Amino acid sequence: SLAPSYQLLQQRVYGDDVRVLRAHPGEWQIFVLGREGKSELIATQASKPSYSEIEATLKARPTSRMNMGLFERLQDEYQFNQDSLKPPGQ
């Protein structure tokens, strides 16, 4: 049977931008994207990760936005939204 040779999924989980990548025949890779645009590989696994598995992986990362308090996350989201509305180069 045919299977996709490349898959890239993007999700926003509790303020963290997460990308899940698989290039056949490799494993699934979970990356978290920082505000500065750099990505960091945080996990690999043989099967496609579920949303709850991604949550657990982020929760285990001390620097994850998921581990912020509600008020801190709201402030961070507000700043993210403000920054995303600025024209490029500002």
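Look a little higher up for the structure.
All values reported here derive from a predicted model rather than from experimental measurement.

A. Expanded view of the environment of Ser 47. Here Ser 47 is to be found in the loop between strand S4 (39-45) and helix H1 (51-59). Ser 47 gets classed as partly exposed once you look at its relative accessible area, which sits at 42%. When the C-alpha positions of Ser 47 and Gln 7 are compared, they lie 13 Å apart, and in sequence the two are 40 residues distant.

B. Up close: the pairing of S4. In the sheet, strand S3 (residues 28-33) pairs with S4 via six bridges, with the strands oriented antiparallel. In the sheet register, Val 32 faces S4, and the bridge partner there is Glu 40. Hairpin geometry of S3 and S4 is characterised by an intervening segment of five residues between the two adjacent antiparallel strands and by a positive phi of about 95° at Gly 37.

C. Expanded view of the sheet that holds strand S1 (residues 6-13). Ordered in space as S1-S2-S3-S4, the four strands form an open sheet in which the pairing is antiparallel. At either end of the open sheet lies a strand with only one pairing partner, and these are S1 and S4. Pairs of neighbouring strands in the sheet enclose a mean axial angle of 25°, with direction left out of account. Across eight bridges, S1 lies against strand S2 (residues 16-23) in antiparallel orientation. If you follow Gln 7 over to S2, its bridge partner there is Arg 22. Where H1 meets the sheet, its contacts fall on S1, S2, S3 and S4, and the angle it forms with S1 comes to roughly 65°.

D. Structural view of the pattern of salt bridges. One pass over the full model with this rule turns up six salt bridges. A salt bridge links Arg 65 to Asp 16, with the shortest nitrogen-to-oxygen separation between them at 3.1 Å. With a gap of 49 residues between them, Arg 65 in the loop between H1 and helix H2 (70-85) and Asp 16 in strand S2 connect regions that are remote in the sequence. The buried category is assigned to Asp 16, whose relative accessible area is 1%. We note a salt bridge from Asp 76 to Arg 65, for which the minimum N-O separation is 2.6 Å. Here Arg 65 lies in the loop between H1 and H2 and Asp 76 lies in helix H2, a separation of 11 residues in the sequence. Residue Asp 76 shares its accessibility class with Arg 65, and that shared class is buried. Shared partners join several salt bridges into a network, and the residues in it are Arg 12, Asp 17 and Glu 77.

Criteria and thresholds
- Residues numbered from 1 in each chain as written.
- Predicted model: local features only at pLDDT ≥ 70, side-chain atom pairs only at ≥ 80, totals over all residues.
- Heavy atoms only, no water.
- Helix = DSSP H or I, 4+ residues; strand = E, 2+ residues; numbered from the N terminus.
- Buried < 20%, exposed > 50% of the residue type's maximum accessible area, 1.4 Å probe, protein only.
- Pairing = 2+ DSSP bridges.
- Axes fitted to C-alpha atoms, helices over the stretch in contact; angles between N-to-C directions.
- Contact = heavy atoms within 4.5 Å.
- Salt bridge = Lys/Arg side-chain N within 4 Å of Asp/Glu carboxyl O.

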